[in-house]
Amino acid sequence: MLSTAPRIVSSLPSLQLHSLQFHCFSSQLRTCPYHHTICSKPGPHLTHLCHSSSDPVEVPLSETEETDADLKEEREGGFQIEVEKVEGRKNARRIKAQVRIDAQLETVWDVLTDYEGLADFIPGLSESQLLHYEDNFARLYQVGQQELALGFKFSAKGVIECYEKEMEFVSDSCRKRAIEFNMVEGDFKTFEGQWCIELEFGTKLLYSVEVEPKLMVPVQLIEGRLCREVEVNLLSIREEAQRLQKLQNDTLLGQR
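Note that the structure is predicted; figures quoted are calculated from it, not measured.

A. The overall build of the protein chain, seen in detail. In terms of regular secondary structure, the protein chain is built from 4 helices and 11 strands. Expressed as a percentage of its 256 residues, the buried residues of the protein chain come to 48%. Long-range contacts, defined here as pairs at least 24 residues apart, represent 55% of the contacts in the protein chain between residues at least 6 apart. A total accessible area of about 12,900 Å² is found for the protein chain, and carbon and sulfur atoms account for 48% of it.

So this is what it looks like as structure tokens:
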């Protein structure tokens, strides 16, 4: 969920597909609502990532087609997402997102740190193994796979290190706790960020990641997919946390 090293694989034997690696979430074959560069042509993800080595492919978006404007958008259900360019790093992006959750901070924390249970409710995450844990440090191995159209499969695997921070008391009415993560195996030049749960007049989950593919992969080709899957992940975590919170509340009411 936090970071993986995927590749596109086809079940059609006549195609010889190149492999690419980027953050693993469930994949979607549709135009992206998050970025004008991605949306300026329909369906760029499949045409750029899945092709025969001998067949003609669509030419990647030129520099003149790329907008210089960062994007900030608020979607239904209180979900917000923002995409920024990273100064001095042309092929890097910074994605920030947040969502409000009707659950206690501790409940959301339990969901995030149930590392081997993440695959139970994160779409497209088929395996999540806790390789090592000690002193608020976790090393994970994750595998994701999603069926696509036309016999294609999106599969992913990778290793990520997580650093659990202690509770921070910002003020009498505000406290927060964070998990910093960094991909240590994969084809990203950079993939690191943070989960942060903030409690102040309600609980809010914040996510930020800085991503830079290796030079062979223009970041605009995967930017839209990343944004979509960030949304899927945060909303899935919210649903699971609220489900657990309801169970806890019902249990307390039953004991009275």
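B. Just the nonpolar core, in detail. In this structure, Trp195, Leu205 and Leu234 are the most contacted members of the largest nonpolar core, which totals 42 residues. Here the element with the most residues in this core is helix H4 (residues 220–255); it accounts for 7 residues. The residues touching Leu205, leaving out its near neighbours within four places in the chain, are Ala97, Gln98, Val99, Ile101, Val108, Leu112, Trp195, Cys196, Ile197, Leu234 and Ile237.

C. Inspection of helix H3 (residues 105–112) at higher detail. By the criterion of burial, H3 is predominantly enclosed, with 6 of the 8 residues buried. Listed in full, the buried residues belonging to H3 are Leu105, Thr107, Val108, Trp109, Val111 and Leu112.

D. Broad picture of a negative patch on the surface. A grouping of Asp110, Asp114, Glu116 and Asp120 is seen on the molecular surface, where their side chains present a negatively charged patch. Relative to the assigned elements, Asp120 resides in the loop between H3 and strand E5 (125–134). Take Asp120: its relative accessible area is 71%, and that puts it in the exposed class.

E. Structural view of the packing of H3 against H4. The contact between H3 and H4 brings their axes to 9 Å, and the two run at 125°. What the angle tells us is that H3 and H4 run oblique. Considering the relative orientation of H3 and H4, their crossing is right-handed. Contact with H3, carried on its side by Thr107, Val108, Val111 and Leu112, involves Ile237, Glu240, Ala241, Leu244, Gln245 and Gln248 of H4 and no other residues of that element. Taken together, the residues of the contact of H3 with H4 sort by class into 6 nonpolar, 3 polar and 1 charged.

F. Looking closely at the packing of aromatic side chains. Throughout the structure, instances matching the rule amount to 3 aromatic pairs. Ring geometry for Phe137 against Tyr163: centres 5.1 Å apart, planes inclined by 50°, an arrangement best described as tilted. Placement of the pair is Phe137 in strand E6 (residues 137–147) and Tyr163 in strand E7 (residues 152–164), with a sequence separation of 26 residues. Residue Phe137 is classed as buried on the basis of its relative accessible area, which comes to 14%. With centroids separated by 4.5 Å and ring planes inclined at 50°, the aromatic side chains of Trp195 and Tyr207 adopt a geometry described as tilted. In this pair, Trp195 is assigned in strand E10 (residues 188–199) and Tyr207 in strand E11 (residues 203–213), connecting sequence segments 12 residues apart. Sitting over the face of the ring of Trp109, Arg177 holds its NZ or CZ atom 3.9 Å from the ring centroid.

G. Summary view of the pattern of salt bridges. The tally for this structure, following the rule as stated, stands at 14 salt bridges. Arg94 is paired through a salt bridge with Glu84; the nearest N and O atoms lie 3.3 Å apart. Of the two residues, Arg94 sits in strand E4 (residues 89–101) while Glu84 sits in strand E3 (residues 80–86), which places them 10 residues apart along the sequence. Owing to a relative accessible area of 15%, Glu84 belongs among the buried residues under this scheme. Here Glu212 ties to Lys189 by a salt bridge, and the two come within 3.9 Å at their closest N and O atoms. Of this pair, Glu212 sits in strand E11 while Lys189 sits in strand E10; the two residues are 23 residues apart in sequence, bridging distant segments of the chain. Judged by its relative accessible area of 8%, Glu212 falls in the buried class.

Conventions we followed
Each chain carries its own residue numbering, running from 1 in the direction its sequence is written. Reporting of local features is limited, given that this is a predicted model, to residues whose pLDDT is at least 70; pairs of side-chain atoms are given and counted only at 80 or more, and all residues count toward the totals for whole chains, interfaces and linings. Where side-chain values are given, they derive from all heavy atoms of the structure, hydrogens and water being excluded. Think of it this way: any DSSP run of H or I at least four residues long counts as a helix, any run of E at least two long counts as a strand, and we number them from the N terminus. Exposure classes here rest on a 1.4 Å probe applied to the protein chains alone. A residue is buried below 20% of its type maximum, exposed above 50%, and partly exposed in between. Only heavy atoms matter for contacts: two residues are in contact if any of them lie within 4.5 Å across the pair. The method behind every accessible area is Shrake-Rupley, applied with a 1.4 Å probe, and residues are considered shielded solely by the protein chains displayed. Residues grouped as a nonpolar core are buried Ala, Val, Leu, Ile, Met, Phe, Trp, Tyr and Cys residues, joined through side-chain atoms within 4.5 Å. Within this analysis, patches are made of residues with over 30% relative accessible area and no salt bridge. Like charges are joined at 9 Å or less; nonpolar side chains (Val, Leu, Ile, Met, Phe, Trp, Tyr) at 5 Å or less. When a carboxyl oxygen of Asp or Glu lies within 4 Å of a side-chain nitrogen of Lys or Arg, that pair is called a salt bridge. Note that His is not counted, nor are the chain ends; the positive residues are Lys and Arg, and the negative ones are Asp and Glu. Throughout, a charge is located at the NZ atom of Lys, the CZ atom of Arg, the CG atom of Asp or the CD atom of Glu. In this analysis an axis means a line fitted to C-alpha atoms, helices contributing only their contacting stretch, and an angle means the value between N-to-C directions, from 0 to 180 degrees. Between 65 and 115 degrees an angle is taken as roughly perpendicular, under 35 as roughly parallel, over 145 as roughly antiparallel, and anywhere else as oblique. For a crossing to be left-handed, the near helix must be turned anticlockwise from the far one by less than a right angle; the clockwise case is right-handed. The residue classification treats Ala, Val, Leu, Ile, Met, Phe, Trp, Tyr, Cys and Pro as nonpolar and Asp, Glu, Lys and Arg as charged. All others, Gly included, are polar. The pairing test for Phe, Tyr and Trp rings, Trp by its six-membered ring, is centres within 6.5 Å, and the orientation test on the planes gives stacked under 30 degrees, edge-to-face over 60, and tilted for anything in between. We call a charge positioned above a ring when the Lys NZ or Arg CZ atom is no farther than 6 Å from the ring centre and deviates by at most 35 degrees from the ring normal.

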